[in-house]
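Chain by chain, the residues run as shown.
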Amino acid sequence: MTSPLPVQQFMGAIGRQCSVVNLDPANDHTNYPCALDIRDLVTLEEIMADDKLGPNGGILYALEELENNMEWLENGLKELGEDYVLFDCPGQVELYTHHNSLRNIFYRLQKLGYRLVVVHLSDCFCLTQPSLYISNVLLSLRAMLQMDLPHINVLTKIDKISSYDPLPFNLDYYTEVQDLRYLMPSLDAESPALKKGKFTKLNEAVANMVEQFGLVSFEVLAVENKKSMMHLLRVIDRASGYVFGGAEGTNDTVWQVAMRNESSLPDALDIQERWIDNKEEYDEMERKEEEEQKKLRAEQARAAEEAGLGDGSVPGVALQFTSGSGIRVTLSLVAAFTKCKF
């Protein structure tokens, strides 16, 4: 299970007021400041003890309990004002494939004026085996259909992909979910015992179904890489229609403004080069860029002090942002980190 703490810290670094809501009743050790916690309403331990349910059934029951007590969630969210909200969700696959409570909760929030974006996180390890990748694509597709919200699938820990066995195709093949039939030989080689007519036909049918829907694609993320984080944030902002509010922009550096307003996004070839072909070279280049940014920030601070600007602003740079938009945006973080489920 991942933590939203890096995202929350990154939001703070760019001046975006952000709050995290924990919707996982089993998460009793949050490592981030939690503005609202479902465990204040119901805990997994109580459900398992009182209703004799297992962990998975207990989590489903807890979300049903939350659905029946929406006033608690609505009142808690009102106290967050116009904050950008991250919902840290459980990782049980049932919640995003056929159980309706979480979807109903988000529908209710939509009616209150929240613009919701589902961010579905999957470990990039799934790319190392064709069966895992196809399973992940199917789960992503099912979650997109079930949740029925703007949906972004993300392959996390992409900075680790170069340490695994070489992939048979470039990263763009996997991120764009290109013709899965090209994976059939690799899939047969992975499980020779299943290399029979009926399984081949089943695999081909799955590939055709995914292609006919044409919905699934993936972004990539290295959570410790600023450019990767900013790129994903821009993708999320576009999906939600986010407009900069009055709380953002007050602490921006030149780098932050440039990164946020950058018009170009990395294409598939850049991803392949960045994270596999020339990863070490890019790491070194970005390290040097970061050092230059630190020097620039130090020079700006000195210039501000010499000019007598107590607020640390930079002379000659005027920033304008749209304020009072009245738009509230939330992210639903759907985690997928085991091999065959999320």
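In this text, all values refer to a predicted model and were calculated from it rather than measured experimentally. Every chain is numbered on its own, with residues counted from 1 as its sequence reads. Two thresholds apply to this predicted model, a pLDDT of at least 70 for residue-level local features and 80 or more for giving and counting side-chain atom pairs, whereas whole-chain, interface and lining totals are computed over all residues. By convention in this description, side-chain values take in all heavy atoms of the structure and omit both hydrogens and water.

Peer 1: Help me out: how do you make sense of the overall build of the protein chain in this one?
Peer 2: Helix and strand content of the protein chain: 14 helices and seven strands. The classification of residues rests on relative accessible area computed with a 1.4 Å probe and restricted to protein chains. Under 20% of the type maximum is buried, over 50% is exposed, and intermediate values are partly exposed. Burial analysis of the protein chain (342 residues in total) assigns 45% to the buried set. A sequence separation of at least 24 residues applies to 76% of the contacts in the protein chain between residues at least 6 apart. Carbon and sulfur atoms provide 50% of the accessible area of the protein chain, an area that totals close to 17100 Å². Secondary structure follows DSSP: runs of H or I at least 4 residues long count as helices, runs of E at least 2 residues long count as strands, and numbering of each begins at the N terminus. Two residues qualify as a contact provided that any one of their heavy atoms is within 4.5 Å of a heavy atom in the partner residue. For the area figures, the Shrake-Rupley method with a 1.4 Å probe applies, and any residue is considered shielded solely by the protein chains shown.

Peer 1: What is the right way to read the nonpolar core from this model?
Peer 2: For our purposes a nonpolar core is just a set of buried Ala, Val, Leu, Ile, Met, Phe, Trp, Tyr and Cys residues, chained together by side-chain atoms within 4.5 Å. With 31 residues, the main nonpolar core has V21, L73, L77, F87, L102, F106 and L109 as its most contacted residues. Elements supplying a minimum of two residues to this core: α2 (44-51), α3 (55-67), α4 (70-78), β3 (84-88), α5 (94-97), α6 (101-111), β4 (114-123) and α7 (130-147). In terms of nonpolar packing, the next biggest core, distinct from the first, is built from 30 residues, L132, V177, L183 and A222 among them.

Peer 1: Quick question: what am I supposed to make of the packing of α4 against α6 here?
Peer 2: Helix packing geometry: the angle between the two helix axes and the distance between the axes. In this description, a line fitted to the C-alpha atoms serves as the axis of each element, helices being fitted only across the stretch in contact, and the angle between N-to-C directions of two axes falls anywhere from 0 to 180 degrees. It is at 11 Å that the axes of α4 and α6 come closest, and there the two elements cross at 45°. Between α4 and α6, the crossing angle belongs to the class labelled oblique. At the point where α4 passes α6, the crossing takes the right-handed sense. Along the contact surface, α4 presents M70, E71, L73, E74 and L77, while α6 presents I105, R108 and L109. Here the contact of α4 with α6 is built from residues that sort into five nonpolar, no polar and three charged. Between 65 and 115 degrees an angle is taken as roughly perpendicular, under 35 as roughly parallel, over 145 as roughly antiparallel, and anywhere else as oblique. Throughout, a crossing is termed right-handed when the near helix is turned clockwise from the far one, and left-handed when it is turned anticlockwise from it by less than a right angle. Note on residue classes: Ala, Val, Leu, Ile, Met, Phe, Trp, Tyr, Cys and Pro are nonpolar, Asp, Glu, Lys and Arg are charged, and everything else, Gly too, is polar.

Peer 1: So what exactly am I meant to see when it comes to the packing of aromatic side chains here?
Peer 2: Centres within 6.5 Å make a pair out of two Phe, Tyr or Trp rings, where for Trp the six-membered ring is used; the pair is then stacked when the planes are under 30 degrees apart, edge-to-face when over 60, and tilted otherwise. Per the counting criterion, the structure on display carries seven aromatic pairs. Taken together, a centroid distance of 5.2 Å and an interplanar angle of 90° make the contact between Y173 and Y174 edge-to-face. For the pair formed by Y173 and Y174, the shared burial category is buried. Here a set of aromatic residues connected by ring pairs shows up, and it is made of Y133, F169, Y173, Y174 and F218. Charge over a ring is defined by NZ of Lys or CZ of Arg lying within 6 Å of the ring centre and within 35 degrees of the ring normal. When the ring centre of W275 is taken as origin, the NZ or CZ atom of R274, which lies over that ring, is 4.0 Å away.

Peer 1: Would you take a moment to explain the confidence of the model for the protein chain for this structure?
Peer 2: Keep in mind that low pLDDT regions are not for reading the predicted coordinates in detail. Model confidence for the protein chain is summarised by a mean pLDDT of 82, while 80% of its residues fall at 70 or above. For the stretch residues 257-266, pLDDT sits under 50, and the model shows 20 contacts to residues farther than four places along the chain or on other chains. Every residue in residues 312-327 is under pLDDT 50, and counting partners more than four places away or in other chains gives 27 contacts. pLDDT is defined as a per-residue confidence score from the predictor, taking values between 0 and 100.

Peer 1: What's the story with unusual backbone geometry in this structure? I'm lost.
Peer 2: Glycine aside, a negative phi is what most residues show, and trans is what most peptide bonds show. In this model, K52 sits at a positive phi of 55°, which is unusual for a non-glycine residue. Counting through the fold element by element, K52 comes out in the loop between α2 and α3. A relative accessible area of 71% places K52 in the exposed class. One non-glycine residue, D148, lies in the positive phi region at around 55°.

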